[in-house]
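Structural overview
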Amino acid sequence: MLGWFAVIAVAFFCLYHVRTVALSIVIGVFLTALLLPPARWMRSRGVGRAAATAIVFAGALLVAGAVIALVVPPTVASVSELRASVGKVLDDLHHLAARLGLDDRQMLAQARDYLSGQSRQITTGALAGVKTVGEIVVGAVLAIILSVYFVHGGDRLFRWLVELMPASSRARVTETGELIFSVVGRYIHGVAIVGLVDAFFIGISLWILGVPVALPLAVLTFVGAFLPVVGAFFAGLLAAVVALVAKGWLVALIVVAVTVAVQQIEGHVLAPQIYGKALDLPGAVILVAITVGSVIAGIAGAFLAAPVTSVVVALLRHPRST
């Protein structure tokens, strides 16, 4: 066991130093799990590998462009409305602080002095942020390129890798690889379906209530589905804050109630039917996994924590694959 712990520690040490490449490979596999089924369907209808891959990725780019085109204009149009609403909310908070005997202006002055005293740390953090953005861009480009290659010839690459293994372990490696890709595929498709349902109902509710930026908040709800438990909480919290700023307490409470109802229906009815028992993870396990992933690799690690944990649990439930 000490030997295995040492091997795992060395592996994590190496992965940490090449985390951008490692995360790009993992995200490329996730994109492949999402895009490979339509490519396989077209191949079964006689379309060549290159043509099927090109059609799938062209369609994905069109969908991404359409989402951006739908989200950006309403967001820009709602900024002025939210700016006026923020001013009103700040005035209300000022009057509330005065009733409670608090001097909010003094607190703001203290916060300003503190930030000016921390200018060096803020500058260092900004430079680190620029570096992080550069790593994200490079990693994203690499992940997309790898996903194109995986969709086009990932099965050939996997067979080539298996042939490098000792003959006695090839069957076991093949079974393990197929199990991992199956779990990842079910997870990605399940999260996408659950996120679409959540985004639809919450977006419709926000639109009916007249909350600004309803469509961007619906898109954020869909993205938040890929960060189980935590993502839904923060997406709902942001929607409630926007509703509070724009429409007042009553609408904000309605938004909270709708978000909680949708999340309950998802957690108890929709998700178990889509994920199945193989991917059923307790909430505490997901929270611990997300925390560990965020400590190791930041936001990307938090997003990857749940699917990686699902793969580990699936492997433990299938000892023959290990």
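The model shown is predicted, which means the values in this text are computed figures rather than measured ones.

Definitions and cut-offs
- Throughout, a residue's number is its position along its own chain's written sequence, starting from 1.
- Totals for whole chains, interfaces and linings use all residues, but because this is a predicted model, local features are given only for residues with pLDDT of at least 70 and pairs of side-chain atoms are given and counted only at 80 or more.
- With hydrogens and water set aside, each side-chain value is computed from the structure's full complement of heavy atoms.
- By definition, any uninterrupted DSSP run of H or I lasting at least four residues is a helix, any uninterrupted run of E lasting at least two residues is a strand, and each is numbered from the N terminus.
- Under the scheme applied here, a residue whose accessible area is under 20% of the maximum for its type counts as buried, over 50% as exposed, and between as partly exposed, the area being computed with a 1.4 Å probe on protein chains only.
- Contact criterion: two residues are considered in contact whenever any of their non-hydrogen atoms come within 4.5 Å of each other.
- To measure how exposed things are, a 1.4 Å probe is used in the Shrake-Rupley method; for residues, cover is taken only from the protein chains shown.
- Here a pair means two rings of Phe, Tyr or Trp (six-membered ring of Trp) with centres within 6.5 Å. Their orientation is stacked below 30 degrees between planes, edge-to-face above 60, and tilted elsewhere.
- Put simply, the grid is 1 Å and covers the protein atoms alone, a cavity is a trapped set of points that fit a 1.4 Å probe, a pocket is an open set with protein on both sides within 12 Å along at least five of seven lines, and lining residues have an atom within 4 Å of a point.
- Grid points are joined across faces, edges and corners, and a volume is the space filled by probe spheres set on the points.
- UniProt positions are given in the numbering used here, feature names are shortened, and annotations may be inferred rather than shown by experiment.
- As used here, the term nonpolar core means buried Ala, Val, Leu, Ile, Met, Phe, Trp, Tyr and Cys residues forming a set that is joined through side-chain atoms within 4.5 Å.
- In this analysis, a patch consists of residues with relative accessible area above 30% that form no salt bridge, clustered at 9 Å for like charges and at 5 Å for the nonpolar side chains Val, Leu, Ile, Met, Phe, Trp and Tyr.
- Here a salt bridge means any side-chain nitrogen of Lys or Arg lying within 4 Å of a carboxyl oxygen belonging to Asp or Glu.
- An expected span of 1.5 Å times one less than the residue number is assigned to each helix.

**Section: the overall build of the chain**
Regarding its fold elements, the chain presents 10 helices and zero strands. In the chain, which comprises 322 residues, the proportion classed as buried is 30%. Pairs at least 24 apart in sequence give 73% of the contacts found in the chain among residues at least 6 apart. Counting every atom, the chain has about 20,100 Å² of accessible surface; 75% of that belongs to carbon and sulfur.

**Some remarks on the packing of aromatic side chains**
Under the defined criterion, the tally for this structure stands at two aromatic pairs. Plain terms: the ring middles of Tyr-149 and Phe-150 are 6.5 Å apart, the flat faces sit at 65° to each other, and that makes the pair edge-to-face. Geometrically, the ring pair formed by Phe-200 and Phe-201 is edge-to-face, given 5.3 Å between the ring centres and 80° between the ring planes. On the basis of relative accessibility, which here comes to 51%, the residue Phe-200 falls in the exposed class. Owing to a relative accessible area of 45%, Phe-201 belongs among the partly exposed residues under this scheme.

**Things to note about empty space enclosed by the protein**
Applying the stated criterion across every chain, the model contains two cavities of 30 Å³ or more. Considered as a void within the structure, the largest cavity measures approximately 50 Å³ in volume. What lines the largest cavity is simply Ile-202, Leu-217, Thr-221, Ala-232, Ala-235, Gly-236, Ala-239, Thr-259 and Gln-263. If you list the elements that add at least two residues to the lining of the largest cavity, you get α7 (214-224), α8 (230-247) and α9 (249-275). Counting residues per element, the lining of the largest cavity draws most heavily on α8, at four residues.

**Here we look at the UniProt feature "transmembrane region" (unreviewed entry) in the chain**
Under the feature "transmembrane region" (unreviewed entry), the UniProt entry names residues 6-36, 48-72, 133-151, 187-209, 215-241, 248-265 and 285-316. Between the C-alpha atoms that bound residues 48-72 there is a distance of 36 Å. The span itself is 96% helix and 0% strand. The span residues 248-265 carries 94% helix and 0% strand; its end-to-end C-alpha distance comes to 26 Å.

**Observations concerning the nonpolar core**
Ranked by size, the top nonpolar core spans 14 residues in total, and within it Phe-30, Val-183, Val-184, Tyr-187, Ile-188 and Val-311 carry the most contacts. Of all the secondary-structure elements, those providing two or more residues to this core are α2 (19-44), α6 (170-209) and α10 (283-317). With six residues, α6 is the single largest residue contributor to this core. For Val-184, the residues in contact, after removing those within four places along its chain, are Phe-30, Ala-33 and Val-311. Core analysis: the second largest hydrophobic core is formed by 13 residues, Val-213, Ala-214, Leu-217 and Val-262 among them.

**What to know about a nonpolar patch on the surface**
Together, Phe-200, Phe-201, Ile-204, Trp-207 and Ile-208 line one region of the surface with nonpolar side chains, adding up to about 610 Å² of accessible area. Turning to its location among the elements, Phe-200 is positioned in helix α6.

**Notes on the pattern of salt bridges**
Summed over all chains, the structure comprises one salt bridge. The salt bridge involving Asp-155 is made with Arg-49; its shortest N-O contact spans 2.8 Å. A residue pair is termed long-range when its members are at least 10 positions apart, and Asp-155 in helix α5 (residues 119-163) and Arg-49 in helix α3 (residues 49-99) qualify at 106 residues. Residue classification places Arg-49 among the partly exposed residues on the basis of a relative accessible area of 21%.

**Looking at α6**
A rise of 1.5 Å per residue sets the reference length of α6, with its 40 residues, at 58 Å; its end C-alpha atoms lie 58 Å apart and thus fit the reference within 8%. Immediately beyond the C-terminal end of α6, within one or two residues, lies Gly-210, with a positive phi of roughly 75°.

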